[in-house]
Amino acid sequence: MSQAPEFQPANLQAWAKAAAKSAPGGNVDALNWLTPDGIAVKPLYTAADLQGLPHTDTLPGFEPYIRGPQATMYAVRPWTIRQYAGFSTAQESNAFYRKALAAGGQGVSVAFDLATHRGYDSDHPRVTGDVGKAGVAIDSVEDMKILFDSIPLDKVSVSMTMNGAVLPVLAGYIVAAQEQGIAQDQLSGTIQNDILKEFMVRNTYIYPPEPSMKIVGDIIEYTAKNMPKFNSISISGYHMQEAGANQALELAFTLADGKEYVKTALAKGLDVDDFAGRLSFFWAVGMNFYLEIAKMRAARLLWCRIMKGFNAKNPKSLMLRTHSQTSGWSLTEQDPYNNVVRTTIEAMAAVFGGTQSLHTNSFDEAIALPTETSSRIARNTQLIIQEETHITSVIDPWAGSYMMEKLTQDMADAAWTIMQEVQAMGGMTRAVDSGWAKLKIEAAAAEKQARIDSGRDVIVGVNKYKLDKEDPIEILEVDNVRVRDEQIERLNAIKASRDNARVQQTLAALTQIAQSGQGNLLGATVDAMRARATVGEVSDALEKVFGRHRADTQKVTGVYAAAYDSAEGWDKLKTEIAAFAEQHGRRPRVMIAKLGQDGHDRGAKVVATAFADLGFDVDIGPLFQTPEECARQAIENDVHAVGVSTLAAGHKTLVPAIIAELRKQGADDIVVFVGGVIPRQDYDFLYEAGVKGIYGPGTPIPASAKDVLEQIRKAQG
């Protein structure tokens, strides 16, 4: 067996190459790991890799802030522990927040239900299955007051993930605080207010892009003048990575969004240093450990460069501050206790990357809403890192690492290249409007799923080291009917007791500002919410002028097939699909649908792409369909099957409804199958309702496609 040459400290790089060549195979290039971003990561780095790199000798708290926005970082004050939560009613969410704060939580992070996100009151017929399901239902100031009851809003910072109905939600929070006796200039926290991201991935928008950007600018303007401690926007890459973006895409698109928001605020006549210090960011932190750390360090480098381009002078305007959240997408339904380990690793990456606050996901979130037990484990993960490891004692321990400094620069260069593409298109708004940015993310998602399904990317417990038997775990289930009834009762009481003439006057003022473009929409919404207008009424007042956005449905093609590395099984299935077409005179036709207000469409788009690559005819239904609308489209398009993608816990209401509607319209030969986040405890319920196939997270798409084809054959006789 050949031996590596004697170690020569004076020529370490040559020694490393010689050692690699002497190894079995003798190919040093074969040892490189090519990341999804196209970055070649070597197995060994040396001092030579730092030659020519700028900014490797900087300090934390100083430009370009690679090593952190504060000089002392966690050595003086650790990151804020946040628990992103909200479910059912305001009362139940409030109880959760108070218990979490007493147990070591340091801030409140609110998850709203999809009805609220989309600007509908709980009594609207389009949100029957969504109220209280994937977050807390908020219809008015009265709900906000209950949500924050006995939580001192002048001392506890509040983060709110809200974009579509951002005006009534933020205004309701302001009024609730004021009626607690707390002035708005004492409020601290963050409103997401990042609408461009919604048009790319999460889809909880209401209005088209142009008026939505007017709303963003008005919120930045209002908070700069009235809420100096409050972050007016959280520019989010989180949902991009959750939708499939690799780290370079997430970094590039998020910073490009940030540039657009800065330009929007400047167009309102604001000085950049009057608002830029209150901009914040929000990153996903997944299982790509080294890349996530490098991404967060590179983000600070690039944001400093971008803000200097806007002639920002205040150091606070140049430093990127961020919240982070561990990945929800990386969590698995199979062998779910592995998710505790995944979340811990991701939390460590966020901390090593220099986050200012952090939410750790619960291990059961690939199955259902987190329970009290799983939430405690998630929160304690952060407390253990803060209190037991002494990781906080050292500021940016990765500084000077040959690998990390080089990888930081590589990540910055990869993201900057993408940003230059965006700039050439005319900026991020145009890149979003054209659909280009969304398709880039969807292509990355399809490629990743193909690598997992073919086994090239290992997911422990899913495609390797699988359990023979999965034991059920305790889940939290929300009684959607009860929550909706309670919300409607409170809505009716508010409308009966308020001064309706005053409400109509404030709503008319909102509509007038929307028409004229003159005046601040947030200021007017504060007046409306104080008068006890509802979230839905405020949204409707603006929709009269702005309209409600309808997205174009597109899908990528060929990407899944190109990345799927299991040709034998793939080709056999394609042959079976071709045989079906020969026998029946047409290819099997499938419609992929999203029902209710759930806009998370990563799974739907990846399945549509893979099924089309296999040879199915695939229709994609528009987002936010009712079961009746979906059934009608399925019948009109003469499909063999409807696949419902669900991530928002509305499956027990919405899926039986579409089956009933198909039967009602005489189309009970159309097969209905379901995929997404569905607790196994609900499988029997759905099968009894008439579902023919259920495919949870981790199901290889070719396996589900084969089963769907078989179900279609049976239905066709």
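Residues numbered from 1 in each chain as written. Predicted model: local features only at pLDDT ≥ 70, side-chain atom pairs only at ≥ 80, totals over all residues. Heavy atoms only, no water.

### So, the overall build of the protein chain
Argument step 1. Within the protein chain one finds 28 helices and 16 strands.
Argument step 2. Oriented by its inertia axes, the alpha-carbon framework of the protein chain measures out at about 85 × 70 × 50 Å.
Argument step 3. Here the protein chain holds 717 residues, and 60% of them are scored as buried.
Argument step 4. Put simply, 79% of the contacts in the protein chain that link residues at least 6 apart link residues at least 24 apart.
Argument step 5. Only carbon and sulfur atoms are counted for the fraction: they give 51% of the accessible area of the protein chain, which is about 27600 Å². (Helix = DSSP H or I, 4+ residues; strand = E, 2+ residues; numbered from the N terminus. Buried < 20%, exposed > 50% of the residue type's maximum accessible area, 1.4 Å probe, protein only. Contact = heavy atoms within 4.5 Å. Areas by Shrake-Rupley, 256 points an atom, 1.4 Å probe, with all protein chains shown as cover.)

### Quick notes on the pattern of salt bridges
Argument step 1. Inspection of the entire model under this criterion finds 44 salt bridges.
Argument step 2. Of the charged contacts in the structure, one is a salt bridge between glutamate 221 and lysine 268, with a shortest N-O distance of 4.0 Å. Linking glutamate 221 in helix H7 (residues 209–226) with lysine 268 in the loop between helix H9 (247–267) and helix H10 (272–275), this pair joins segments that are 47 residues apart in sequence.
Argument step 3. Owing to a relative accessible area of 28%, lysine 268 belongs among the partly exposed residues under this scheme.
Argument step 4. For glutamate 486, the salt bridge is made with arginine 482, and the minimal N-O distance between the two is 2.8 Å. Within this pair, glutamate 486 and its partner arginine 482 are both found in helix H18 (residues 480–497), separated by four residues, close to a single helical turn.
Argument step 5. On the basis of relative accessible area, glutamate 486 is assigned to the partly exposed category, the value being 28%. (Salt bridge = Lys/Arg side-chain N within 4 Å of Asp/Glu carboxyl O.)

### A word on the sheet that holds strand S12 (residues 589–593)
Argument step 1. Read across the open sheet, the five strands follow the order S13-S12-S14-S15-S16; overall the sheet is parallel. Edge positions in the open sheet fall to strand S13 (617–620) and strand S16 (693–695), since each of these has one partner strand only. In this sheet, neighbouring strand axes are inclined to one another by 20° on average, regardless of whether the strands run parallel or antiparallel.
Argument step 2. By the bridge criterion, four bridges tie S12 to S13 in an arrangement that is parallel. (Pairing = 2+ DSSP bridges. Axes fitted to C-alpha atoms, helices over the stretch in contact; angles between N-to-C directions.)

### A closer look at the nonpolar core
Argument step 1. If you look at the biggest cluster of nonpolar residues, it comprises 86 residues, and the most contacted ones within it are Phe253 and Leu255.
Argument step 2. No other element matches helix H11 (residues 289–309), which puts 12 residues into this core.
Argument step 3. Those residues in contact with phenylalanine 253 that lie beyond four places of it in its chain are Met200, Met240, Ile418, Val422, Met428, Trp436, Ala437, Lys440 and Ile441.
Argument step 4. Counting residues in each nonpolar core, the second largest holds 58 residues, with Phe148, Ile215, Leu507 and Ala514 among its members. (Core = buried A, V, L, I, M, F, W, Y, C linked by side-chain atoms within 4.5 Å.)

### Let's talk about the side chain of serine 157
Argument step 1. Its location among the elements puts serine 157 in the loop between helix H4 (141–147) and strand S5 (158–160).
Argument step 2. A relative accessible area of 13% means that serine 157 is categorised as buried.
Argument step 3. Reaching out from serine 157, the side chain makes a polar contact with the side chain of arginine 82 at a distance of 2.7 Å.
Argument step 4. Once residues within four sequence positions are removed from consideration, serine 157 is found in contact with Arg82, Gln106, Gly107, Val108, Ser188 and Gly189. (Polar contact = N/O pair within 3.5 Å; in protein donor to acceptor, adjacent residues only side chain to side chain.)

### A few points about the side chain of serine 374
Argument step 1. Examined against the element boundaries, serine 374 turns out to sit in helix H14 (residues 372–388).
Argument step 2. Classification of serine 374 as buried rests on a relative accessible area of 0%.
Argument step 3. Filtering out sequence-adjacent residues up to four positions away, serine 374 remains in contact with Ser362, Phe363 and Asp364.

### Observations regarding the packing of aromatic side chains
Argument step 1. On inspection of all chains with the given rule, the structure shows 24 aromatic pairs.
Argument step 2. In textbook terms, an aromatic cluster arises when at least three aromatic residues are bridged by ring pairs, as seen for Phe289, Tyr290, Phe352 and Trp398.
Argument step 3. Above the face of the phenylalanine 624 ring, arginine 118 is positioned so that its terminal group lies 3.4 Å from the ring centre.
Argument step 4. Between the NZ or CZ atom of arginine 305 and the centre of the ring of tryptophan 416, over which it lies, the distance is 4.5 Å. (Phe/Tyr/Trp six-rings, centres within 6.5 Å; stacked < 30°, edge-to-face > 60°. Lys NZ or Arg CZ within 6 Å of the ring centre and 35° of its normal.)

### Digging into the confidence of the model for the protein chain
Argument step 1. Per-residue confidence for the protein chain gives a mean pLDDT of 90, with 95% of residues at or over 70.
Argument step 2. Low pLDDT, under 50, characterises residues 1–5; the predicted model gives this stretch seven contacts beyond four residues in sequence or across chains. (pLDDT = per-residue confidence, 0-100.)

### Section: the packing of helix H19 (residues 500–516) against helix H20 (residues 521–530)
Argument step 1. Contact pair H19 / H20: the axes reach a minimum separation of 8 Å and the direction vectors enclose 165°. In terms of axis orientation, H19 runs roughly antiparallel to H20. The crossing of H19 and H20 is left-handed. Residue-level contacts link Arg502, Thr506, Leu507, Leu510, Ile513 and Ala514 of H19 to Leu521, Ala524, Thr525, Asp527, Ala528 and Arg530 of H20.
Argument step 2. Its residues placed into classes, the contact of H19 with H20 shows seven nonpolar, two polar and three charged. (Parallel < 35°, antiparallel > 145°, perpendicular 65-115°, else oblique. Left-handed = near helix turned anticlockwise from the far one by under 90°. Nonpolar A, V, L, I, M, F, W, Y, C, P; charged D, E, K, R; others polar.)

### Some words on the layout of surface pockets
Argument step 1. Roughly 670 Å³ of internal volume is contained in the second largest pocket.
Argument step 2. Lining the second largest pocket are 36 residues, and of these Tyr205, His549, Arg550, Ala551 and Asp552 sit closest to its centre.
Argument step 3. Sorting elements by how many residues they give to the lining of the second largest pocket places helix H17 (residues 436–453) first, with three residues. (1 Å grid on protein atoms, 1.4 Å probe; cavity = no way out; pocket = protein on both sides within 12 Å on 5 of 7 lines; lining within 4 Å. Points joined across faces, edges and corners; volume = space filled by probe spheres on them.)

### A look at a nonpolar patch on the surface
Argument step 1. A surface patch of nonpolar side chains, about 240 Å² in accessible area, is lined by Met287, Val341 and Ile345.
Argument step 2. The residue valine 341 is located in helix H13 (residues 338–353) in this model.
Argument step 3. For valine 341, a relative accessible area of 51% translates into the label exposed. (Patch = residues over 30% accessible without salt bridge, like charges linked within 9 Å, V, L, I, M, F, W, Y side chains within 5 Å.)

### Focus on the environment of alanine 40
Argument step 1. Within the secondary structure layout, alanine 40 lies in strand S2 (residues 40–41).
Argument step 2. The exposure class of alanine 40 is partly exposed, given its relative accessible area of 42%.
Argument step 3. Not counting residues within four places of it along the chain, the set of residues in contact with alanine 40 comprises Trp33, Leu34 and Tyr45.

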